Number of protein chains: 2
Amino acid sequence: MRCAVIAIGDELVTGTVVDENSAWISDRLLAIGVPTTLHMTVGDDQGGIVDAFRICGERAGVVVVTGGLGPTEDDLTRDAFCRFACTETVENEQALEHIRALFKAIGREMTDNNKKQAMIPEGATLIPNPLGTAPGFTMEVEGAAYYFLPGVPRECHAMMEQSVLGAVASRGERAVFRSLLFRTFGMTESQLDQELKELALPAGVRLGYRAVFPEIHLKLIARAEDDNQAGRALSEAGDLVRSRVGDAIYSEDGRRMEQVVLDVLKEKGMRLTVAESCTGGLITKRLTDVPGSSQALDRGFVSYSNPAKTEMLGVPKEGIEAHGAVSEQTALAMARGAVERAGADLAVAVTGIAGPTGGTADKPVGTVFIALADAGGEWCGRFNFLRADRTFVRELTAQAALEIVRRRLLGLGQYSR
Amino acid sequence: MRCAVIAIGDELVTGTVVDENSAWISDRLLAIGVPTTLHMTVGDDQGGIVDAFRICGERAGVVVVTGGLGPTEDDLTRDAFCRFACTETVENEQALEHIRALFKAIGREMTDNNKKQAMIPEGATLIPNPLGTAPGFTMEVEGAAYYFLPGVPRECHAMMEQSVLGAVASRGERAVFRSLLFRTFGMTESQLDQELKELALPAGVRLGYRAVFPEIHLKLIARAEDDNQAGRALSEAGDLVRSRVGDAIYSEDGRRMEQVVLDVLKEKGMRLTVAESCTGGLITKRLTDVPGSSQALDRGFVSYSNPAKTEMLGVPKEGIEAHGAVSEQTALAMARGAVERAGADLAVAVTGIAGPTGGTADKPVGTVFIALADAGGEWCGRFNFLRADRTFVRELTAQAALEIVRRRLLGLGQYSR
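A. Summary view of the overall build of chain A. A count of helices and strands for chain A gives 15 helices and 17 strands. Taken against the 2.2 N^0.38 rule, which gives 22 Å for 417 residues, the C-alpha radius of gyration of chain A at 28 Å runs more than 25% over that of a compact globule. Across the 417 residues in chain A, those meeting the buried criterion constitute 56%. For chain A, long-range pairs separated by at least 24 residues make up 67% of all intrachain contacts whose partners lie at least 6 apart in sequence. For chain A, the accessible area works out to roughly 16,800 Å², and carbon and sulfur atoms hold 46% of it. One way to put it: in chain A the 45 positive side-chain charges average out to a point 6 Å from where the 56 negative ones average out.

What follows is the structure, encoded as structure tokens:
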């Protein structure tokens, strides 16, 4: 059994609004063992809507449709489906009662166009809407079951959970899908592929790649007859992936890099501080995104100018003059100053040229120094993030700094890109 | 001339990732007068991909395709298109040269599967990728022009802007669409709608809303016979919108809040500094996102703990003990300390409870104090961003802090939410 999802609305197809319903619906359907193979988005145009019904019904046994059920002129979904299914709308007493009750509850008068929402195609079954006036409905046409839901995300979600998932599940023929997500950093997509493409994965397991800059996520999806079989296949496949690219994997449970770093710090009872130049607060911002981060991070220094580096962190003025603000010496002095002034156990410092201007022949845009200082000593690496884009350089620098901290804390080998 | 957009990838169709490329592409095409009427999303399956090419080519003169151009096994777009267009891939010398140069620049070895990216269908024209290894290509099949781009958003966007929009525009038969984007902050969508819903907009002009947390963007789209007519209608509609909700509009030219703030600072030759507690670097990060921000911002203080507030900013320990870290007194002392220690013209300081824990009956999660200090004096406001979500509180706090700075610099009335 396969599924198709249709989203209806001019605002979606012309790009004013991003359709998030279709991905959400597909994700929920996969969780009950029904994979989605097609999404279509069409505007408020009866011909286009009917066309989408036909295309999807020919390709999938289940078609979920969102949008176009409201009370206004541009809500055409009902009429288009009647044309497609050769039927007519009829007033549904249960739906009308529900709309009346809702209007009564908010003390407003019900208008005539609200009554239109109680009309559903003859032969269809009502899908109640616990959160709004527009009911949904379901009907089978030529072997495919169509489910109609409002486009308002919270109503659509509630009706999927309450009515549609159960109805789809009872149509039978479902496989079991289980998945495992590896978050990686430090290898490119093609390097990962080089290592992984000849893996003999167990039957029913597929490996997918997704670039989520600056990371690559690997997802194993196992399809099997039952949970046990899927779990075994996934576990075996996971071992194979780890044996090849384990060093690049920093999380297997969905945790982000900043969360992983904070968890290790808390486990070790250590406190980190951050001194930032080119990233301008991004590293500290990422760490403080995590609830409870104050246990392991109590301050950060954004020292953008040379005087700021000297005054906030005690970086010697002469050192900056001799070696430049973007240098190993300055990065190390920033890290030493930060760890000392914050009374922390470990400091990470970054200084670099994020661009678009400021590059030189020696130190082009994308040149970054990342330094660590702790009781055990200090370390500095030079990186060349040679792409033109300021955001790219800043995000890659922040990610590399966190990875360098993670590797230091876990006693892993040095990070080198 | 109409357009269809196809997105390819298992992660999209199964709902792991929301496809944002298709909406972005449609929005940009509409801006040059080419409306999109259909989006399709299919998985990494050659049959499904070919099917989508056929369906879209039969319905639109322009088909833009994203995804599946990478170097890995599940990147099937090229081969599927060859099957559809009855052609074969050939090595493209220009693409290969570009990939070689990129690998050389970052000092990495080029793998064999990277070479695969230099293969494009025979008869197709290369679309250069200024930001990555995967080139795009374009080819006409049975009267429809297909444009292939990588799924990585920044690469896809750059190639649309640099190559595809011009190529589509030169295909002719376009209506004139012109649009005007108002970025607003401080009014809810329903407050804006209340003010704007009865506006008598000129013929051919539509007003759309889009919530881009924590802002609402208003978009006027004028469709007309020619540029002059569209310009006049848009100008008239813009005046109407400004007359109703002008106070909430902070930008009409696409500039973000941080850019607007920096532009005013530079114009006045002033320097800002930032002292952050609950936002943990987010405000400074946003300001330093903007190229050239160092002219107007030379440092920032992330003082997360009480000792950090005292040591970095000179906030009296006794004051924190008496009033709490989240208080008007502490916020004002942070701002005073920051403006003095940074030698800046203006400081903004924030302290608050971002959650999920740390709230009290007096100061629930979402309680935030934002203070300003400059030569003219000092000011502090208390805000209640009463929602459960940490990200929500932090982003709203950062946005409000920037808006407060903007209003102070421009001598506008005080911000109050």
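Once you've had a look at it, read on.
B. Expanded view of the sheet that holds strand 2 (residues 36–42) of chain B. If you trace the 12 strands from one edge of the open sheet to the other, you get 6(A)-7(A)-8(A)-3(A)-1(A)-2(A)-2(B)-1(B)-3(B)-8(B)-7(B)-6(B), paired in mixed fashion. Only two strands of the sheet have a single partner each, and these edge strands are strand 6 (125–127) of chain A together with strand 6 (125–127) of chain B. Taken pair by pair, the neighbouring strands of this sheet meet at an average axis angle of 20°, ignoring direction. Where strand 6 of chain A and strand 7 (residues 136–141) of chain A come together, three bridges link them in antiparallel fashion. For A:Leu126, the partnering residue across the bridge sits in strand 7 of chain A and is A:Phe137. Contacting strand 3 (62–66), strand 6, strand 7 (136–141) and strand 8 (144–149) of chain B, helix 7 (residues 153–169) of chain B crosses the sheet at an angle of about 165° to strand 8 of chain B.

C. Representation of the sheet that holds strand 12 (residues 249–251) of chain A. All names here are of chain A. Strand order in the open sheet made by the four strands is 10-11-9-12, with antiparallel pairing throughout. Two strands close off the open sheet at either side, each with one partner strand: strand 10 (205–212) and strand 12. Neighbouring strand axes in the sheet, compared pairwise and without regard to direction, differ in orientation by 35° on average.

D. Looking closely at the interface of chain A and chain B. Facing the 74 residues of chain A at the interface are 72 residues of chain B. Carbon and sulfur atoms supply 53% of the area buried between chain A and chain B, which totals about 5,900 Å² over both sides. On the chain A side of the contact with chain B, A:Thr16, A:Arg299 and A:Tyr304 bury the most area, a combined 9% of that side's loss. If you look at where chain A meets chain B, you find seven salt bridges. Close ionic contact of B:Asp10 with A:Arg206 constitutes a salt bridge, the shortest N to O distance being 2.3 Å. At the junction of chain A and chain B, the tally comes to 35 residue pairs in polar contact (both at pLDDT 80 or more). Residues of the side of chain A that touches chain B, tallied by class, amount to 25 nonpolar, 25 polar and 24 charged. Summarising the sheet, strand 2 (residues 36–42) of chain A and strand 2 of chain B pair through five bridges and their orientation is antiparallel. Counterpart to A:His39 in the pairing with strand 2 of chain B is B:Thr41.

E. Region of the structure containing helix 7 (residues 153–169) of chain A. Taking the largest bend as the criterion, helix 7 of chain A deviates by roughly 50°, centred on A:Met160. Looking at helix 7 of chain A, one finds that the buried residues are A:Glu155, A:Cys156, A:Met159, A:Met160, A:Val164, A:Leu165, A:Val168 and A:Ala169.

F. Here's a closer look at the packing of helix 10 (residues 257–268) of chain A against helix 15 (residues 390–410) of chain A. Residue and element names in this part refer to chain A. Their axes nearest at 10 Å, the elements helix 10 and helix 15 cross at an angle of 30°. Here helix 10 lies roughly parallel to helix 15, going by the angle between them. Between helix 10 and helix 15 lies a crossing of left-handed hand. Across the interface between the two elements, Met257, Glu258, Val260, Val261, Val264, Leu265 and Lys268 from helix 10 touch Gln399, Leu402, Glu403, Val405, Arg406, Leu409 and Leu410 from helix 15. Looking at the contact of helix 10 with helix 15 residue by residue, the class counts come to nine nonpolar, one polar and four charged.

G. Broad picture of the environment of A:Ala275. Residue and element names in this part refer to chain A. Here Ala275 is to be found in strand 13 (residues 272–276). Distance in space between the C-alpha atoms of Ala275 and Gly43 is 50 Å, their sequence separation being 232 residues. Apart from the residues lying within four places of it in its own chain, the contact partners of Ala275 are Phe301, Leu313, Met334, Ala338, Val348, Ala349 and Val350.

H. Looking closely at the confidence of the model for chain A. For chain A, per-residue confidence averages 92 on the pLDDT scale, and residues scoring 70 or more make up 98% of the total. In the predicted complex, the global pTM is 0.79; the interface-specific ipTM is 0.78.

I. Quick peek at the packing of aromatic side chains. What the rule picks out here adds up to 29 aromatic pairs over all chains. Residues B:Phe53 and B:Phe81 carry aromatic rings whose centres are separated by 5.7 Å and whose planes lie at 80° to one another, so their mutual orientation is edge-to-face. Of this pair, B:Phe53 sits in helix 3 (residues 46–59) while B:Phe81 sits in helix 4 (residues 77–85); the two residues are 28 residues apart in sequence, bridging distant segments of the chain. The class of B:Phe53 is buried, set by a relative accessible area of 0%. With 5.8 Å between their ring centres and 15° between their planes, B:Phe383 and B:Phe385 make a pair best called stacked. Of the two residues, B:Phe383 and B:Phe385, neither departs from the other in class, the shared state being buried. Here the aromatic residues A:Phe53, A:Phe81, A:Phe84, A:Phe137, A:Tyr146 and A:Phe148 are joined through ring pairs into a cluster of three or more.

J. Fine view of the side chain of A:Gln117. Residue and element names in this part refer to chain A. Inspection of the secondary structure assignment puts Gln117 in the loop between helix 6 (112–115) and strand 5 (119–121). In this structure Gln117 comes out as buried when scored by relative accessible area, which is 2%. In terms of polar contacts, Gln117 uses its side chain to reach the side chain of Thr133, at 2.8 Å.

K. Highlighting the pairing of strand 14 (residues 297–303) of chain A. Of all the seven residues making up strand 14 of chain A, seven are buried; the element is thus mostly covered by neighbouring parts of the structure. Sheet analysis places strand 13 of chain A next to strand 14 of chain A, joined by four bridges and oriented parallel. Its bridge partner lying in strand 14 of chain A, A:Glu276 is registered against A:Val302. Running through helix 11 (residues 282–288) of chain A, the crossover from strand 13 of chain A to the neighbouring parallel element strand 14 of chain A is right-handed. Sheet topology places strand 14 of chain A next to strand 14 (residues 297–303) of chain B; five bridges connect them, and they run antiparallel. Residue pairing in the sheet places A:Phe301 in a bridge with B:Phe301 of strand 14 of chain B.

L. Seen up close, the environment of A:Leu165. Residue and element names in this part refer to chain A. Counting through the fold element by element, Leu165 comes out in helix 7. Overall, the relative accessible area of 6% leaves Leu165 in the buried class. Setting aside chain neighbours within four positions, we find Leu165 in contact with Arg28, Leu29, Ile32 and Met160.

M. A look at helix 3 of chain B. The end-to-end C-alpha distance of helix 3 of chain B, which contains 14 residues, comes to 20 Å, matching closely the 20 Å that a straight helix rising 1.5 Å per residue would cover. Close packing links the buried residues of helix 3 of chain B with helix 3 (46–59) of chain A together with strand 1 (3–8), strand 2, strand 3, helix 4 and strand 8 of chain B.

N. Representation of the packing of helix 12 (residues 306–313) of chain B against helix 14 (residues 328–342) of chain B within the structure. Residue and element names in this part refer to chain B. Between helix 12 and helix 14, whose axes approach to 9 Å, the crossing angle comes to 35°. Facing Lys309, Glu311, Met312 and Leu313 of helix 12, the residues of helix 14 in contact are Thr330, Ala333, Met334, Gly337, Ala338 and Arg341. Residues of the contact of helix 12 with helix 14, tallied by class, amount to five nonpolar, two polar and three charged.

O. Structural detail: the pattern of salt bridges. Enumeration according to the criterion identifies 48 salt bridges over all chains in this entry. The shortest N-O distance in the salt bridge between A:Glu258 and A:Arg286 comes to 2.7 Å. Residue A:Glu258 is found in helix 10, and its partner A:Arg286 is found in helix 11; the two are separated by 28 residues along the sequence. The burial state of A:Glu258 is the same as that of A:Arg286; both residues are buried. Via salt bridges that share partners, A:Asp51, A:Arg54, A:Glu58, A:Arg59, B:Asp51, B:Arg54, B:Glu58 and B:Arg59 belong to a single interconnected network.

Conventions used here
Residues numbered from 1 in each chain as written. Chains lettered and ligands numbered in written order. Predicted model: local features only at pLDDT ≥ 70, side-chain atom pairs only at ≥ 80, totals over all residues. Heavy atoms only, no water. Helix = DSSP H or I, 4+ residues; strand = E, 2+ residues; numbered from the N terminus. Rg over C-alpha atoms; globule rule 2.2 N^0.38 Å. Buried < 20%, exposed > 50% of the residue type's maximum accessible area, 1.4 Å probe, protein only. Contact = heavy atoms within 4.5 Å. Areas by Shrake-Rupley, 256 points an atom, 1.4 Å probe, with all protein chains shown as cover. Lys, Arg positive; Asp, Glu negative; His and termini not counted. Charge placed at Lys NZ, Arg CZ, Asp CG, Glu CD. Pairing = 2+ DSSP bridges. Axes fitted to C-alpha atoms, helices over the stretch in contact; angles between N-to-C directions. Buried area = accessible area lost by both parts, 1.4 Å probe. Salt bridge = Lys/Arg side-chain N within 4 Å of Asp/Glu carboxyl O. Polar contact = N/O pair within 3.5 Å; in protein donor to acceptor, adjacent residues only side chain to side chain. Nonpolar A, V, L, I, M, F, W, Y, C, P; charged D, E, K, R; others polar. Bend = angle between axes of the 7 residues up to and from the residue. Parallel < 35°, antiparallel > 145°, perpendicular 65-115°, else oblique. Left-handed = near helix turned anticlockwise from the far one by under 90°. pLDDT = per-residue confidence, 0-100. Phe/Tyr/Trp six-rings, centres within 6.5 Å; stacked < 30°, edge-to-face > 60°. Right-handed = clockwise from strand over helix to strand, strands pointing away. Expected span 1.5 Å × (residues − 1).

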